Structures are given as C-alpha cells and as structure tokens.
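# Descriptive analysis of the structure
Chain by chain, the residues run as shown.
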Amino acid sequence: MKLSASLLCAAAFAALSFSAQAQSVKPDLAKGSAQFGQVCVACHAADGNSTTPVNPKLANQHPEYLVKQLQEFKSGKRDNAIMKGFAAALSEDDMRNIAYWLADQKAKPGFAQEKDLVRLGERIYRGGIADRQIAACAGCHSPNGAGIPAQYPRLSGQHADYTASQLNAFRSGARANSVQMTGVAAKMNDQEIKAVSDYIAGLR
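Quick caveat: nothing in here was measured; it's all calculated off a predicted structure.

## Description of the overall build of the protein
Looking only at helices and strands, one finds eleven helices and zero strands in the protein. Going residue by residue from the N terminus, the α and β elements of the protein occur as α-α-α-α-α-α-α-α-α-α-α. With 204 residues in all, the protein has 40% of them scored as buried. Long-range contacts, defined as pairs at least 24 residues apart, comprise 65% of the intrachain contacts of the protein with a sequence gap of at least 6. As presented, the protein carries roughly 11,700 Å² of accessible surface, and 59% of it is formed by carbon and sulfur atoms.

Right, here's the structure in full:
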C-alpha cells in the first residue's frame, strides 16, 4: 500500500511538473507572425486590423480569448465553416503563437457612424437595460472596451457590422459558445443591437 501511494504521489508530481513546464513555454512570436501571414492575412489584414467590416479586427486582442475561439472553431463548438477549415490545420502551439503575436500588434481605432443611435448605444453599453434585465456591457468588457484578460474580449474599435453579426448570432442560437452572451443578446431588439455595436466601434 505504501509503495502504491508513493507511486501515485510520484505520478501526480510528474504530471504537475509537466503541466507547469507546458504553461511556462513562451509562445514563438516569429512563428506566429509567419503562420498568420500564411493562414489569416487575407481576411484579417497584415497587422490584424481587418479593413473588411464583416471580418473582426484581431490586433491587441487578449491571447487567451483568441486561443479559446480557435480551439472552439476546431472542435465545432463555435460553428463557422470557413474558420473551422483554417483552425483544423493548427496545433495548440500554432494557436498560441498566432494569438500572442496578434496581442502584440497595435489596434487601430474605429469610429461610430450612427449619430442618431449613439446615445442609445452608450446607455446600453454603460448601464444596460434594467427593466429587461440586460446587463451593462461595461461590466464585463470595461468602460473603454478593453475587456478583462483571460475572461472577456477587447471590444473597442471593433467593426460595428461584425459586432452586430455576432450579437444576432448569439440571439438566434447560431453562435452557442457563450451562455452568458446568448442570455444577453436574446433580450435585445434589432435597433438596440445596431446602436450598441456602433457605439463599440467608436470606443477608445
């Protein structure tokens, strides 16, 4: 029994040591840059600042969030045929290298376009809609849209078209990899989604 216990302890210690070593391995930014240039640049631009409104800006995004999304595209938890095809070819190391390289890129600011909706967007983002139990976006994504590393993505400057498409996808159930966001979007109407998406585009 003592021998078995000793072996179990040794195995557990070895597993913990291996896990700690894996976590301490630094991402290779040079490889991340090269892989991004081969796989991602056509849709997300050379520096991660997509110029196509339906494709998200990825520059300066939290790397943990990017890795999670790539993993979920690959597994199918986040359904997108195009991204699944790209993610399927990436290893865990590839994902980390790309994500940390993107996190190191400077994000370019965006701009709100809908003057008539900006106040509504600001009100929803900062205060939510209490009578329908819609939480303020700022509570998780921070007042300036910077998000919270390893928890909630950076939103500031994101294309309004992309943000609106994702809120609509959460609302319809087409995107199902965040119970929290599904619950929020399910209570929002089209005008509210448009307004808050436009406001987010202008956040600095």
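## Re unusual backbone geometry
Here Gln133, not a glycine, exhibits a phi torsion of approximately 55 degrees, which is positive. Structurally, Gln133 can be placed in the loop between helix H7 (118-127) and helix H8 (138-141). The exposed category is assigned to Gln133, whose relative accessible area is 65%. The backbone of Ser142 shows a phi angle near 75 degrees, a positive value even though the residue is not glycine. Take Ser142: it is sitting in the loop between H8 and helix H9 (160-172). Classification of Ser142 by relative accessible area gives buried; the value is 15%.

## Topic: the pattern of salt bridges
Taken as a whole and judged by the stated rule, the model has seven salt bridges. Of the charged contacts in the structure, one is a salt bridge between Lys194 and Glu114, with a shortest N-O distance of 3.9 Å. Separated by 80 residues along the polypeptide, Lys194 in helix H11 (residues 190-201) and Glu114 in the loop between helix H6 (92-103) and H7 bring together distant segments of the chain. Overall, the relative accessible area of 45% leaves Lys194 in the partly exposed class. A relative accessible area of 31% means that Glu114 is categorised as partly exposed. Notably, a salt bridge pairs Glu122 with Arg126, separated by 3.6 Å at the nearest N-O pair.

## Focus on the environment of Ala150
The residue Ala150 is located in the loop between H8 and H9 in this model. Residues Ala150 and Glu64, 86 residues apart in the sequence, show an inter-C-alpha distance of 5.1 Å. If sequence neighbours within four positions are ignored, Ala150 has contacts with His62 and Glu64.

## What to know about the packing of aromatic side chains
Each aromatic ring pair is described using two quantities: the centre-to-centre distance and the angle formed by the ring planes. Taken as a whole and judged by the stated rule, the model has two aromatic pairs. Taking the centre distance of 5.0 Å and the plane angle of 40 degrees together, the rings of Phe36 and Trp101 count as tilted. Within this pair, whereas Phe36 is found in helix H2 (residues 29-39), its partner Trp101 is found in helix H6, the two being separated by 65 residues in sequence. The buried category is assigned to Phe36, whose relative accessible area is 1%. Given a relative accessible area of 11%, Trp101 falls into the buried group. Their ring planes at 50 degrees and their centres at 5.7 Å tell us that Tyr125 and Tyr199 sit as a pair that is tilted.

## Some remarks on the nonpolar core
Of all hydrophobic cores here, the largest spans 21 residues; its most connected members are Ile124, Tyr125, Met188, Val196 and Ile200. If near-sequence neighbours (up to four positions away) are discounted, Ile124 is found in contact with Ile129, Ala135, Ala136, Cys137, Met188, Glu192 and Val196. Counting 15 residues, the second-largest nonpolar core is a separate cluster that includes Leu58, Ala87, Leu90 and Met95.

What counts as what
Residues numbered from 1 in each chain as written. Predicted model: local features only at pLDDT ≥ 70, side-chain atom pairs only at ≥ 80, totals over all residues. Heavy atoms only, no water. Helix = DSSP H or I, 4+ residues; strand = E, 2+ residues; numbered from the N terminus. Buried < 20%, exposed > 50% of the residue type's maximum accessible area, 1.4 Å probe, protein only. Contact = heavy atoms within 4.5 Å. Areas by Shrake-Rupley, 256 points an atom, 1.4 Å probe, with all protein chains shown as cover. Salt bridge = Lys/Arg side-chain N within 4 Å of Asp/Glu carboxyl O. Phe/Tyr/Trp six-rings, centres within 6.5 Å; stacked < 30°, edge-to-face > 60°. Core = buried A, V, L, I, M, F, W, Y, C linked by side-chain atoms within 4.5 Å.

This is a description of form; function is not addressed.
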